[in-house]
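# Observations on the three-dimensional arrangement
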Amino acid sequence: MDESVIVQVDHLRKTYGPVVAVDDVSFHVRRGEIFGIVGPNGAGKTTTIECIEGIREPESGDVRVLGLHPSKDRYRLRQRIGVQLQQSALQARIKVWEALDLYASFYDSSVPYESLLQQLDLVDKRSTAYAKLSGGQKQRLFIALALINDPELVFLDEITTGLDPQARHNMWDLVRSIRDEGKTILFTTHFMEEAERLCDRVAVI
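Rules of the game
- Every chain begins its residue count from 1, and numbering advances along the sequence as written.
- In keeping with the model being predicted, local features are shown solely for residues with a pLDDT of at least 70 and side-chain atom pairs are shown and tallied solely at 80 or more, while totals for entire chains, interfaces and linings include all residues.
- As a convention, hydrogens and water are excluded, and side-chain values are obtained from all of the structure's heavy atoms.
- Here a strand pair is declared whenever DSSP counts at least two bridges between the two strands.
- Only DSSP runs of H or I reaching four residues or more are called helices, and only runs of E reaching two or more are called strands; each is numbered from the N terminus.
- Working convention: axes come from line fits to C-alpha atoms, limited for helices to the stretch in contact. Angles between N-to-C directions cover 0 to 180 degrees.
- By the convention used here, residues are in contact when the closest approach between their heavy atoms is within 4.5 Å.
- Using a 1 Å grid laid over the protein atoms alone, points where a 1.4 Å probe fits but cannot get out form a cavity; open sets with protein on both sides within 12 Å along at least 5 of 7 lines form a pocket; any residue with an atom within 4 Å of a point counts as lining.
- Grid points are joined across faces, edges and corners, and a volume is the space filled by probe spheres set on the points.
- Any residue that is not Ala, Val, Leu, Ile, Met, Phe, Trp, Tyr, Cys, Pro, Asp, Glu, Lys or Arg is counted as polar, Gly included; the first ten are nonpolar and the last four charged.
- Criterion for a salt bridge: a side-chain nitrogen of Lys or Arg within 4 Å of a carboxyl oxygen of Asp or Glu.
- For each residue, the accessible area found with a 1.4 Å probe, counting protein chains only, is set against the maximum for its type, and the residue is called buried under 20%, exposed over 50%, and partly exposed in between.

### Let's talk about the sheet that holds strand β3 (residues 34-38)
- Reading across the sheet, the five strands line up as β5-β6-β7-β3-β8 and stay open at both edges, with parallel pairing between neighbours. Edge positions in the open sheet fall to β5 (81-84) and β8 (201-204), since each of these has one partner strand only. Pairwise comparison of adjacent strand axes, ignoring direction, gives a mean angle of 15 degrees for this sheet.
- As judged from the four bridges shared by β5 and strand β6 (residues 153-157), these two strands associate in the parallel manner. Following the sheet pairing, Ile81 is matched in β6 by Leu153.
- Where helix α1 (residues 45-53) meets the sheet, its contacts fall on β3, β5, β6 and β7 (184-189), and the angle it forms with β6 comes to roughly 155 degrees.
- Against the sheet, helix α6 (residues 165-180) contacts β3, β6 and β7, and its axis sits at roughly 155 degrees relative to β7.

This is the structure:
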């Protein structure tokens, strides 16, 4: 396989009983790019990304991430990727710094969370409870949690859904800054403008 390719998906298929969620999807992601999976709600974007992350097991097809098999090499892969899930929540009273400290403990190594608070513009919210954060602040916190282990590959799933236009544009700037640090980003969206503004390449589902 080309060494610049760090995600390879070949003929991926995933079903839930009689429902076919993903049917014969193939694409690859190159190191250092922003790669988007674009499609309407219910098209199978989240299921595809969850199969790549090792959260779900596909019925057929082959997936390799950083040279690893997502389910067989789950622990080793987790140390090298960062994941922000579409449906995420934290305990209402947990403070921002406590969430970052907790997530850092899940990995063999992590970056100082103070630097992430600065990068994600959350310094003033470090002692704020999760339940009291705005929608945009919660999204930035989940991205910080995805970056706590200094991953090579970052998964972002529908990160601007529910945000106002200004917060959406701020999030785009943040995604670009993460890529500029040398990380590869794979994200899903149903906004064509978002894909056009951010992506080097896209897969349309």
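That shown, we press on.
### Here we look at the layout of surface pockets
- As a volume, the largest pocket reaches approximately 290 Å³.
- As for the largest pocket, its lining consists of 18 residues, of which Val83, Gln84, Leu85, Tyr103 and Tyr107 are closest to the centre.
- Mapped by element, the contributors of at least two residues to the lining of the largest pocket are α2 (74-78), β5 and α5 (135-147).
- Classifying every residue of the lining of the largest pocket by side-chain character gives 12 nonpolar, five polar and one charged.

### Thoughts on the pattern of salt bridges
- Counted under the stated rule, the structure contains 15 salt bridges.
- In this structure, the salt-bridge partner of Glu59 is Lys14, at a minimum N-O distance of 3.8 Å. One end of the pair, Glu59, is in the loop between α1 and β4 (60-65); the other, Lys14, is in strand β1 (residues 5-16), with 45 residues separating them in the sequence.
- With a relative accessible area of 45%, Glu59 lands in the partly exposed category.
- On the accessibility criterion, Lys14 (11% relative accessible area) is buried.
- Salt-bridge contacts for Asp73 lead to Arg76; the nearest nitrogen and oxygen are separated by 3.3 Å.
- Residues joined in a network through salt bridges with shared partners are Arg31, Arg80 and Glu152.

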